[in-house]
Amino acid sequence: MTRSSSEKAPSEKAPSEKGFPEGFLWGAAAASYQIEGAADEDGKGPSVWDMFCRKPDAIWNGQTGDVACDHYHRYPEDVALMRDIGLRAYRLSISWPRVLPEGTGAVNERGLAFYDRLVDALLEAGVAPHVTLFHWDFPLALYHKGGWLNRDSADWFAEYTGVVVKKLGDRVKDWMTLNEPQVFAGAGHYEGRHAPGDRLRFAEVLRVCHHVLLAHGKSVQAIRAASPGKCNVYYAPVAQVKYPASASPEDLEAARAATWSVSARTTWTNTWWMDPVFFGRYPEDGLRLFASELPEIRGGDMEIIAQPVEFCGVNVYWGVPVRAGANGGAEVVPHPVGHPITAFEWSVTPECLYWGPRFFYERYKRPIVITENGLSTRDWISLDGKVHDPQRIDFMARHLIELRRAIAEGAVVNGYFHWSILDNFEWAHGYKHRFGLVFVDYPTGKRVLKDSAHWYREVIASNGATLGG
């Protein structure tokens, strides 16, 4: 993608030939239900995913996260692999029902102790823990009390947040509240294909969305209150990136407008989830479109949601090319026949890691952190005992080159977390997909560093200078 000569760059700084900014955070990510296993050990309570995995035909081949990667027992080995790769940071998540089996009330000290040990192991290995408080494993006991439909869910989440931060906040300085609310609200409560598997009316889904945003705000307050020192707080929605199909100013403006528009009855938007956090208000186009279905918004709600945060975290996997249409709106430009796709059948669009950070930094004026980016491939152990994944290396290189260009042209980007550190349970798709830098043989638990892990080690050691491009 080339820039239009009439479009002024946010900064006149030339693209870096050497690498990324000093102190750039190179990491990888995972989520509790996807890797931990130990589904009912040491006092852990059930989550909605434990329930959903028992629903007939809900998960590919009837698989579950009961054992997953057995990270609960094998975390020392996994942390050692992170150290070997040279990760500067690891984005983990906490299982809410492992800490509070009923969602509120009595603390499960054995469950909390696991995260205490994990954080210590990471710090000893020189890997900074970046902790996500919610990556979808909502306590089943609270779902039976109405779940996110219940306004009290925001207070439940704040209570849980306080418990975790009081335990870990002396060592953890970077916190994320919620991962991909668009997904667990939309796929879980509107489309029914993720836990808890509900298909609510859209008005009820909007109530869920509002309560989730309140939970974010109250969680930020709880983090600030419980943290013994300075900390960084943000959250990780999934970015819906539209990018211009050509270098024309008209296509660029169409892409920018499409990235920020709310034009359908869906949770898959950017501004409905991010404008309240950064601006303290819902977007006007969404308020108009959803006018007859809006939830109760009480006095003070928006102030709670708009708690100050240090970063703008975004999960970015792909983008959609658009052009200016005849009616002045944006038109999606179909990819040509044979355009590359991942095993998940997601389009490979490295431009998303240029335009996404650029647009999000431009709008919200907060340093960007790429909290997830990666791809699913069909990996296996070769006859030589290694795992060769050249497509992952190519994917990462292309995306990181685009991210470096965004930084060189003025977007402030503080870090990149690859999804994921380990092959893992991929929600409704079970173990069909492999996203990891580390191959996991599920029957034995054996770990093997893939070629991409060795490649990433060199990228990290050189601070991106080995990327070329």
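This text goes with the structure placed above it.
Residues numbered from 1 in each chain as written. Predicted model: local features only at pLDDT ≥ 70, side-chain atom pairs only at ≥ 80, totals over all residues. Heavy atoms only, no water.

1. So, the overall build of the protein
Scanning the protein from N- to C-terminus turns up 16 helices and 13 strands. The C-alpha atoms of the protein give 21 Å as radius of gyration, which agrees with the globular expectation for 469 residues (23 Å, within 12%). Overall size of the protein, expressed as C-alpha extent along the three principal axes, is 60 × 60 × 45 Å. Burial statistics for the protein: of 469 residues in total, 62% are counted as buried. (Helix = DSSP H or I, 4+ residues; strand = E, 2+ residues; numbered from the N terminus. Rg over C-alpha atoms; globule rule 2.2 N^0.38 Å. Buried < 20%, exposed > 50% of the residue type's maximum accessible area, 1.4 Å probe, protein only.)

2. A word on the pattern of salt bridges
The final tally for this structure, using the stated rule, is 29 salt bridges. With its nearest N and O atoms 2.8 Å apart, the salt bridge here joins Asp120 to Arg171. One end of the pair, Asp120, is in helix α5 (residues 109-124); the other, Arg171, is in the loop between α7 (153-168) and β4 (174-179), with 51 residues separating them in the sequence. By relative accessible area, Asp120 is classed as partly exposed at 37%. (Salt bridge = Lys/Arg side-chain N within 4 Å of Asp/Glu carboxyl O.)

3. Observations regarding the pairing of strand β12 (residues 438-441)
In this structure, β12 lies alongside strand β13 (residues 446-449), joined through four bridges in antiparallel fashion. Bridge pairing in β13 places Val438 opposite Leu449. Between β12 and β13, which pair antiparallel in sequence order, lie four residues; one of them, Gly445, sits at a positive phi of approximately 80°. (Pairing = 2+ DSSP bridges.)

4. Details of helix α9 (residues 202-226)
Think of an α-helix as turning once every 3.6 residues; residues three or four places apart then point the same way. Here α9 is 25 residues long and its end C-alpha atoms lie 36 Å apart, about the 36 Å a rise of 1.5 Å per residue gives. Counted residue by residue, α9 has 19 buried out of 25 residues, so it is predominantly covered. (Expected span 1.5 Å × (residues − 1).)

5. Side note on the pairing of strand β8 (residues 319-324)
Alignment of strand β6 (residues 241-244) against β8, held across four bridges, turns out to be parallel. Residue Lys242 lies in a different strand from β8, and its bridge partner there is Val320. Sheet topology places β8 next to strand β9 (residues 330-332); three bridges connect them, and they run antiparallel. Of the residues in β9, the one forming a bridge with Ala324 is Ala330. Connecting the antiparallel pair β8 and β9 is a turn made up of five residues, with Gly328 showing a positive phi of about 90°.

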